[in-house]
Structures are given as structure tokens and as C-alpha cells.
Amino acid sequence: MPFTDSIGAATINGLAYLGGLARLSGGAARAVFVAPFQGKKFHLSRAVHQAMSVGVEALPITSLISFFIGTILALNAAYELRKFGALHLVASAVAVSMTRELGPLMTAVVVIGRSGSAFAAEIGTMKVNEEIDAMETMALEPVHFLVAPKFLAMILMVPCLTCWADFMGVLGGGLFGVATAGFTWGSYIQATLDALTKTDIINGLIKALMFGLVITAVGCQEGFSTGLGSEQVGRSTTSAVVKSIFLVVMVDLIFTTIFYITAPR
Amino acid sequence: MASSLTPKPVAPPTPSGAAISVRNLRVKYGEREILHGIDFEVPAGETMVILGGSGSGKSTLLRTLVGLEQPSSGEIWIQGKDFASISEDERDELRKKMGMSFQGGALFGSMTVGENVALPLHEHTHLDDSTIEIMVRLKLDQVGLSGFENYMPAQLSGGMKKRAAIARALAMDPEILFFDEPSAGLDPIIAAGIDELILKLKKAFRITIVVVTHELASAFLIADRMIVLDKGVIVANATTEELRKSKHPRVRQFLDRVPEPELTGEIDYLQMLTGDVPPARQ
């Protein structure tokens, strides 16, 4: 196949994949926000169960990683700030970096590793075991039954986790600030609050919401497209993680650009 | 909802008077046609067994009958409705009157046996939890699995999984039941138990049953009528007695267990499966 044809085919495949993600997300959104008003059942208990798994159980690892990231950020910022005698700005550097970028991004990476891969493995295994087919023969819509609870849990829990990650990152930076930059815990927190604007936090949460959508859609889509055989489940899981990370970074780039243009600090 | 203990009325017939009527059904996977114009009918309350070797298209036929594959052309009339052309909502309504038992059971691994059986009742009825609990016990009792409500599917043997899958298929008191290889992979005693269960269901509830199998003993025991598929076409459609006397070479080969001549390559194998003549040899 000529090079240009390959590019064309790859572009069409990529757009078709994105179309599939949009369709899946649309179906899940309809199941969560519209179908219950049309008399169709939506079992909140399944969404709560997913929320526990996606959010609450991810708290320890998210806390640990975010705390360390906060400390690392402070250490790296201190290199340059010390040259200008501006070590006191380390709190604002950490706060803005965590809330606008690293909080949402690191949370997304943790959620991809824990939940995105689990979605692909769960749905992929069900596909291999004909459980998805069984669902259809019982007049149960797989998107309604499997994807919708995950969708709701993710759009609620990823922003919540991100808030927590932001807080832990600030604490991580505070550890450096208090230990070496002459801050007290009180003055560090105050400097953080002074540096942050509402926009910083909202921008980070919008990104987190979009990351949650992307991770759910990719994990479930990869699960549904699992081929025959148990080895395919492994491939789907790997593919879900790789594609989710790529798409999360792409979404991050797009939204950061939009925020840069529309709402500069 | 009708009680599970009373015999069900015979399903409303298709225009031709049968519970299931398949007309000139063709199914393609990509460019390759798997079923080449299938015609048959299943009278209400009867058991139709679809026989055929591996790759003959019998599982594809079953999957198309329950709506898991889309036909490329043809009609599937079930209870007076063309299953292939009705709306998604109508299809779901029809599916609530059908039960399907998959080859591997296809029980939901994250749910107990009781939850598996209760699922369609929770989703499609407004029965309260205590009524559903009683119905689950009844269904499990019907398939000989009383007391297994709280077991996980992974804790069950192969035969028990199939029984649990049948209990789930029976949950909505279906008028038509489909079985994919009900006795495959089971020892003869357990397989005989599944056959007996199918006969019992037919007798007790007058359910129309369609079974796909390649187990001859099982097929002859449970069938009222049988069709034999070969390379995506029906080579015989007869009662069990008529089929035993058939002189059709492929039917005789199948019934007399005569092995295929050795295949020499991939094209030969594909040709055997689908009946297509490869372009290079035309």
C-alpha cells in the first residue's frame, strides 16, 4: 500500500475509533440522564459499587503519588527560584502546577492503571465467555447495564479524586517548604491559597471530568472489541491502558490550549 | 406474569402457523457467506434439533435466530413477527419471551447463581424481592439445583453450570427456548441428565425448543424433527425416523460417523466449511 494510502487508512481508522468512543459515551450518558425519565431502570447501587472501586479504593495510592509529586515539584522549582532569591514562591509554583496540570494528570494515570484496565478486562472476559451475548438475548442492553454505572462513577469520582490529589500535592510541596524554605505549615497553606484562583481549580476539574470520560469510553470500548480467546483479554487491557494514556494527554493538550486562549491567568 | 407451574399456552403462530419460520435466510461474515438460503419451520410446542458437523453453520444459524447476528437477506418469523426487521424495542419484547442456554453457560461470573436467575426478573418485571426470591428457588428446583442460590458459577461443575444457565433461561417463563450444544463437554451421565431435563421442560410447559448439537444420541432422544446442515445449506429436514432412513450421502456420513477425506490445505478447509468454490479453481 502506498504511503499516502496508509496515512489515509490510519486517519479513517482513528476517526472511526473516536466516533465509536463518542457513541459509547453518548449511549451511557443517555442511560444515566435520560432513560430513567422514560421508565427504564437504572440501578444506582451498581454505580455506587463502581464509585467505591474507582474512587474510594484509589485514595491511598493517589494520596501517596500526589504527595510525592508535590514534593518533587517543590524540589525542582527550588533549583531555579533559589537563584533569584525567590524561594518563597515555591508554594505558588506547586499549587498552580498541581491544580492546573499534575493533579488531574497523575490522578488520570492512577485511574487508568486501576480502573481503565479493569473495565477492559472485565468486559473483555465477559465477551469471551459469551456473557455479553447472553445479556443481549435477555433483552438487556450492555451499554445500559455495564457502561452506564461506570460512566456515572467515573464522572463523579475522577474530579473528586483530583481534588484530593491537589490537596495531597500541596501537602507534599509543604513538606519541602517547611523543611528547607522557611515556611511554617500555616504560612505555606496561606501562600498556596493566595496563589490559587478559582479558575485554576475549575480548569483542573474540567480536565479531570474529560479524563474520566475518556478513560471510561476507551476501557469499555476495548473490552467490547475483544476477540475470541483469553489472550485477547490481555491485549485489550494493554491496548486500553496505552490508548487511554495517549488520549488523556491529547485531551490535556486541547483543553490547556483552550484555557490558555480563553482564560489566561 | 404467568405462573411457572401452569402449562403455557402455545405461542401465537407465524403467518404460516409455525412458532418459528425461517425463509431464504442468508448470513455473511464479511464477504464470506456462511448460510446459503435456509428455509425451515418449527411448529409450536415441538423440539427441533439442528444437526451438523463443525463449521456447518449451525451455531451461526442459532445466533441469527436469537438476533446476535444480522442476516444479509431472508426472513425470520417468530411469533408472528419478522425478527430481522422489527424495531429494537419490539425485538426486546420478543426476546423476553425467549430463553437461550449457551454452550458454556455464559453465567455472569461476578454474580451468584441466584442473582443470575433473578437478573431478568429484576430488570423486566416489577416483582418485589421476596417474590423474585421464591421464583428463583422454583426455577433452580426445576433444573435440580435447589439450595445452590448462593454459589458462584466458578464453584459449579460443567453440568451444574448448564443447569443453572437453563434456570436463568427459564426465568421469564419463555415460550421458545434455544440451546447451543447442551451436552457438549459433559460426561454421558450428566449429558443424559440434561437431555432428560429438556424433555421434562417440553412435556411440562409445552415450550417450543430449538437445539443445536452434534451429539447424535442426544439429538435422536429429544427431537421431534431434525434438520441437518452441511456447508451452510440444509441437506435434510425430517422426523427422527425419516432421518434414520435417509440415503443422502452427507446425512449418512454424519450418522454413520465416516471421517472426511484428508484435506490438503487452507483453501480446501475453507471450502469444506462454507461450500464456496475458491476463485482459483473455478
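Refer to the structure printed above.
Quick caveat: nothing in here was measured; it's all calculated off a predicted structure.

About the cut-offs
Numbers given to residues run from 1 along each chain, matching the order in which its sequence is written. Chain A is the first chain written and ligand 1 is the first ligand written, with later ones labelled in order. Residues qualify for local features only when their pLDDT is at least 70, as the model is predicted, and side-chain atom pairs are given and counted only at 80 or more; totals for whole chains, interfaces and linings, by contrast, use all residues. The side-chain figures draw on all heavy atoms in the structure; neither hydrogens nor water molecules are used. Aromatic rings from Phe, Tyr and Trp, taking only the six-membered ring of Trp, are treated as a pair when their centres fall within 6.5 Å; an angle between ring planes under 30 degrees marks them as stacked, one over 60 as edge-to-face, and anything in between as tilted. Here a strand is any run of E in DSSP of at least two residues, a helix any run of H or I of at least four, and the numbering for each starts at the N terminus. Burial classification: accessible surface area is computed with a 1.4 Å probe over protein chains only, and a residue below 20% of its type maximum counts as buried, one above 50% as exposed, and the rest as partly exposed. Only heavy atoms enter the contact rule, under which two residues are in contact if any of them lie within 4.5 Å. Definitions used for this entry: grid spacing 1 Å over protein atoms alone; cavity, a set of points where a 1.4 Å probe fits but cannot get out; pocket, an open set with protein on both sides within 12 Å along at least 5 of 7 lines; lining residue, one with an atom within 4 Å of a point. Grid points are joined across faces, edges and corners, and a volume is the space filled by probe spheres set on the points. Side-chain classes are defined by residue name, with Ala, Val, Leu, Ile, Met, Phe, Trp, Tyr, Cys and Pro counting as nonpolar, Asp, Glu, Lys and Arg as charged, and the others, Gly among them, as polar. Side-chain atoms within 4.5 Å link the members of a nonpolar core, which is a set of buried Ala, Val, Leu, Ile, Met, Phe, Trp, Tyr and Cys residues. A helix is expected to reach a length of 1.5 Å times the quantity of its residues less one.

Remarks on the packing of aromatic side chains
Residues and elements named next belong to chain A.
And step 1. The final tally for this structure, using the stated rule, is six aromatic pairs over all chains.
And step 2. Ring centres of F255 and F259 lie 5.9 Å apart, and the angle between their planes is 55 degrees; this geometry places the pair in the tilted category. In this pair, F255 and F259 are both assigned in helix α9 (residues 230–262), four residues apart and thus about one turn of the helix distant. Here F255 matches F259 in class, with each residue buried.

Some remarks on the environment of B:I50
All names here are of chain B.
And step 1. Relative to the assigned elements, I50 resides in strand β3 (residues 47–52).
And step 2. Using a relative accessible area of 0% as the deciding quantity, one classes I50 as buried.
And step 3. Spatially, the C-alpha atoms of I50 and V212 are 4.7 Å apart, while their sequence positions differ by 162 residues.
And step 4. Residues within four places of I50 in sequence aside, it is in contact with K58, L61, V210, V211, V212, T213, I227 and L229.

Considerations on the layout of surface pockets
And step 1. Of the voids in this model, the second largest pocket is the one considered here, and its volume is about 850 Å³.
And step 2. If you list the elements that add at least two residues to the lining of the second largest pocket, you get α2 (44–54), α4 (90–128), α5 (131–137) and α6 (142–180) of chain A together with α3 (113–124) and α4 (129–142) of chain B.
And step 3. Along the lines of polarity and charge, the residues of the lining of the second largest pocket split into 13 nonpolar, ten polar and ten charged.

Description of the nonpolar core
And step 1. One finds A:L146, A:I215, A:F224 and A:V248 to be the most contacted residues of the largest nonpolar core, which totals 51 residues.
And step 2. Top contributing element to this core by residue count: α6(A), with 13 residues.
And step 3. Not counting residues up to four positions away in its chain, the partners in contact with A:I215 are A:A108, A:V111, A:I112, A:G116, A:M154, A:S244 and A:V248.
And step 4. Core analysis: the next-biggest nonpolar cluster, separate from the first, contains 47 residues, B:M135, B:I198, B:I209 and B:L216 among them.

Brief notes about helix α5 (residues 158–170) of chain B
And step 1. Its 13 residues give α5(B) an end-to-end C-alpha distance of 19 Å, which sits within 8% of 18 Å, the value for a rise of 1.5 Å per residue.
And step 2. Residues B:G159, B:K162, B:A164, B:A165, B:I166, B:A167, B:R168, B:A169 and B:L170 constitute the buried set of α5(B).
And step 3. On the buried face of α5(B), the contacting elements are α5 of chain A together with β6 (98–101), α3, α4, β7 (176–180) and α6 (188–205) of chain B.

It is worth stressing that arrangement in space is one thing and function is another; only the former is reported here.
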